[in-house]
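Structural features, examined
Spelled out from the first residue to the last, the chains are:
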Amino acid sequence: MPLPVLHKVTFGAGASDFYYIKTSDAYEGIKNQTGIEKVADPTGTEEVIPVKELMRTGIIWRIGIRYKDSNGKRKSSHLLVVRGKLQGIFADEAAGKLEDKDYKVSGVVKGKIEQVAGIRKASFS
């Protein structure tokens, strides 16, 4: 069972950083595109906010991705993305694209991202 990992959400230049705990570190190598990165050395003073709350307030959004594993089989997964980075992912900017980037979980490459499937907004009742 994977251990929880502290992640940092960088909302914008000069803005506050938000922290949440997740059991996966799938954002390794794609932090520039998603705005989310694993915190290597937490100080213990970070205020941890639940992912559900960050999604409810619109700070982060969930997108679907499709990737091909090493056997050539197509698989799908979800990633969290900072709201300010969504435009770069879905626009024509090469720097913001997720396609052809490695999708890693726990430091192991699961495959190359082939397609961004779309945005899923949180729906809480």
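Note that the structure is predicted; figures quoted are calculated from it, not measured.

A count of helical and extended segments in the chain gives three helices and seven strands. Counting over 125 residues, the chain shows a buried share of 37%. A sequence separation of at least 24 residues applies to 57% of the contacts in the chain between residues at least 6 apart.

For the chain, per-residue confidence averages 80 on the pLDDT scale, and residues scoring 70 or more make up 86% of the total. Confidence scores differ between elements of the chain, with strand β1 (residues 5-10) showing the lowest mean pLDDT of 79 and strand β4 (residues 60-68) the highest of 90.

Let us now look at the environment of L6. Tracing the backbone shows L6 in strand β1. The class of L6 is buried, set by a relative accessible area of 12%. Contacts of L6, omitting those with residues within four sequence positions, involve Y19, Y20, I21, E37, K38, V39, P42, E46 and V48.

Attention now goes to the environment of F90. Take F90: it is sitting in helix α3 (residues 86-90). Those residues within four positions of F90 in sequence are excluded, and the remaining contacts are I63, K97, V116, G118 and I119.

Turning our eyes to something else, we now look at the packing of aromatic side chains. Across all of its chains, the model carries one aromatic pair by this definition. Here Y67 and Y103 contribute two aromatic rings whose centre-to-centre distance is 4.8 Å and whose plane-to-plane angle is 45°, an arrangement assigned as tilted. Of this pair, Y67 sits in strand β4 while Y103 sits in strand β6 (residues 102-105), placing them 36 residues apart in sequence. We classify Y103 as buried; its relative accessible area is 6%.

With the rule as written, the count across this model stands at nine salt bridges. E53 is paired through a salt bridge with R56; the nearest N and O atoms lie 3.2 Å apart. Residue E53 and its partner R56 are located together in helix α2 (residues 51-56), separated by three residues, close to a single helical turn. The exposure class of E53 is partly exposed, given its relative accessible area of 33%. A salt bridge links D102 to K112; the shortest N-O distance between them is 3.0 Å.

With that settled, the discussion passes to the nonpolar core. Grouped burial of nonpolar side chains is what soluble globular proteins tend to show. Core analysis: the biggest nonpolar cluster contains 26 residues, and V9, I36, L54, I60, I63, L79 and L98 have the highest contact counts within it. Tallying contributions element by element places β4 first for this core, with five residues. Among residues more than four places away in sequence, those in contact with L98 are I30, Q33, T34, I63, L79, I89, I113 and V116.

About the criteria used
Residues numbered from 1 in each chain as written. Predicted model: local features only at pLDDT ≥ 70, side-chain atom pairs only at ≥ 80, totals over all residues. Heavy atoms only, no water. Helix = DSSP H or I, 4+ residues; strand = E, 2+ residues; numbered from the N terminus. Buried < 20%, exposed > 50% of the residue type's maximum accessible area, 1.4 Å probe, protein only. Contact = heavy atoms within 4.5 Å. pLDDT = per-residue confidence, 0-100. Phe/Tyr/Trp six-rings, centres within 6.5 Å; stacked < 30°, edge-to-face > 60°. Salt bridge = Lys/Arg side-chain N within 4 Å of Asp/Glu carboxyl O. Core = buried A, V, L, I, M, F, W, Y, C linked by side-chain atoms within 4.5 Å.

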